[in-house]
Amino acid sequence: MSMDRRDVLRLAAAAPAALAAAAMTQHARGAEDVVTTTQLGVGSASYGALLRRKATGGNLDLRDPAAFLEYCRVRGAGGIQIGLGAGDARRAEHLRERAEQVGMFVEGSIRLPADADDVKRFDEEVRFAKACGATVLRTVMLSGRRYETFSTAEEFRRFRDASRIRLRLAAPVVARHEVRLAVENHKDFRAEGLAELMRQFDSPHVGVCVDTGNNLALLDDPYEAVEILAPWAASAHLKDMAVEEYEQGFLLSEVPLGRGMLDLSRMLVALRRANPKLQFSLEMITRDPLEIPCLTDRYWATFEELPARQLARMLTLVRANKPKDPLPRVADLSPDERIEAEDSNVRRSLAYAAKQLDLVAPIAKQ
């Protein structure tokens, strides 16, 4: 009896580990890219379409960290970064023991306390994440993008001040549980602004999840941004980016590792120099290009002191790095086609990380 893709995915999520691996290996043999075991983890945003599928009647629920671990394992990933939430000790023990058994790391993704009344929820989730084996918890201060969220400099200043308060609420909690909070540069603070925030806290328990591509959207040179944030690196999102001019600025797209403009080896060296034990997670978001409208008044509303030379440098960089292939567009794809596309992008990226970035796992996982 032959299996279609949905059967394979359902089996991989529900079957014992050995059977799941066999099922996914059968699927991989027919794919364009060979799965290679790597140290590189996978962030849950890399499988956004598949995570959303459950809400529309799909059978595979990768929002369950244990299912996500197995799904990424059979693709050769070295770990996962995902929201862990809260739960009972047995569930946490199962995830921790399975990750240890197969030699994978677990990093959590957590929401900062909104206010003092929300600290209890945050504490429970930190406690549970540590029980799951996570010693690093990635977080963001802004879920959207600075130039789309705020209309004035004053609005951004209020957000900055509120973010500082939320971090102050979180810091004692992560210190008490002896885990590290990793604040992602999430198209909110420019690199120097986030570094200044880290200097204000000066805590071994509060650091940065260094995303290698995000700050292009804020006109930061990507290599300078990594160098600035590296001293606080507690986690890292490894991604490659492609750019293209459009009438209001430039378009920005995640692309499979090695297909974009970034010198990832250079970034890895800088980050490992600062933190030799740093764990890297792939964030390969399969979506239409983001518009960075840096030639509009609205974009500049929150950048009070950003010199014009930053714009000139970025546009020069964009023009010097015309994309090798057309920027990816998925809006017209069916849900199943989007799932196929993001899976291909992740597999290509993991193979590139192992072969070209020397992120090969030391042992094969069973």
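Description of the structure in this document. Since the model is a prediction, treat every value here as computed from it, not as a measurement.

So, how was this worked out
Residues numbered from 1 in each chain as written. Predicted model: local features only at pLDDT ≥ 70, side-chain atom pairs only at ≥ 80, totals over all residues. Heavy atoms only, no water. Helix = DSSP H or I, 4+ residues; strand = E, 2+ residues; numbered from the N terminus. Buried < 20%, exposed > 50% of the residue type's maximum accessible area, 1.4 Å probe, protein only. Contact = heavy atoms within 4.5 Å. Areas by Shrake-Rupley, 256 points an atom, 1.4 Å probe, with all protein chains shown as cover. Lys, Arg positive; Asp, Glu negative; His and termini not counted. Salt bridge = Lys/Arg side-chain N within 4 Å of Asp/Glu carboxyl O. Pairing = 2+ DSSP bridges. Axes fitted to C-alpha atoms, helices over the stretch in contact; angles between N-to-C directions. Right-handed = clockwise from strand over helix to strand, strands pointing away. Expected span 1.5 Å × (residues − 1). Arc of directions from axis to C-beta. Polar contact = N/O pair within 3.5 Å; in protein donor to acceptor, adjacent residues only side chain to side chain.

This part takes up the overall build of the protein. The number of helices and strands found in the protein is 14 helices and 11 strands. The buried share among the 366 residues of the protein stands at 55%. Sequence separation of 24 or more characterises 80% of the internal contacts of the protein that already satisfy a separation of 6 or more. For the protein, the accessible area works out to roughly 16,400 Å², and carbon and sulfur atoms hold 49% of it.

Following the sequence through the fold, arginine 146 ends up in helix α7 (residues 146-149). Buried charge without a salt bridge: arginine 146, with glutamate 304 as the nearest opposite-charge side chain at an N-O distance of 7.0 Å. Residue contacts for arginine 146: discarding those within four places in its chain leaves Phe156, Lys187, Asp188, Phe189, Arg190, Leu218, Thr302 and Phe303.

Moving on, we come to the sheet that holds strand β11 (residues 290-292). Across the sheet, 3 strands lie side by side as β8-β9-β11; this open sheet has antiparallel pairing. The two strands at the open ends of the sheet, each matched to only one other strand, are β8 (240-246) and β11. When the angles between neighbouring strand axes are averaged without regard to direction, this sheet yields 30°. With 7 bridges joining them, β8 and strand β9 (residues 249-255) adopt antiparallel strand pairing. Within β9, the position partnered with aspartate 240 by the bridge is valine 255.

The buried fraction of strand β3 (residues 105-109) amounts to 4 of the 5 residues, a majority that puts the element mostly inside the structure. Bridge count for strand β2 (residues 79-83) against β3 is 5 bridges, and the pairing is parallel. Bridge pairing links isoleucine 82 to glycine 108 in β3. Crossover β2 to β3 through helix α5 (residues 89-102) is right-handed. The sheet contact formed by β3 and strand β4 (residues 136-139) spans 2 bridges and is parallel. Of the residues in β4, the one forming a bridge with serine 109 is arginine 138.

What follows covers the pairing of β4. Each regular strand carries side chains that alternate between the two faces of the sheet. The side-chain alternation of β4 yields two buried faces, one formed by Val136 and Arg138 and the other by Leu137 and Thr139. Inspection of the sheet shows β4 paired to strand β5 (residues 180-184) by 4 bridges, in the parallel sense. Considered in β5, the bridge of threonine 139 is made with valine 183.

Here we come to α5. In this model, α5 (14 residues) spans 20 Å end to end at C-alpha, consistent with the 20 Å of a helix rising 1.5 Å per residue. Along α5, the residues that are buried comprise Ala92, Leu95, Arg98, Ala99 and Val102. Take α5 and look down its axis: the buried residues cluster within an arc of 140°, on one side only. More than 90 degrees from the buried face of α5, the exposed residues found are Ala89, Arg90, Glu100 and Gln101. One side-chain oxygen of the residue at the start of α5 lies 3.3 Å from the amide nitrogen of arginine 90, identifying that residue as aspartate 88.

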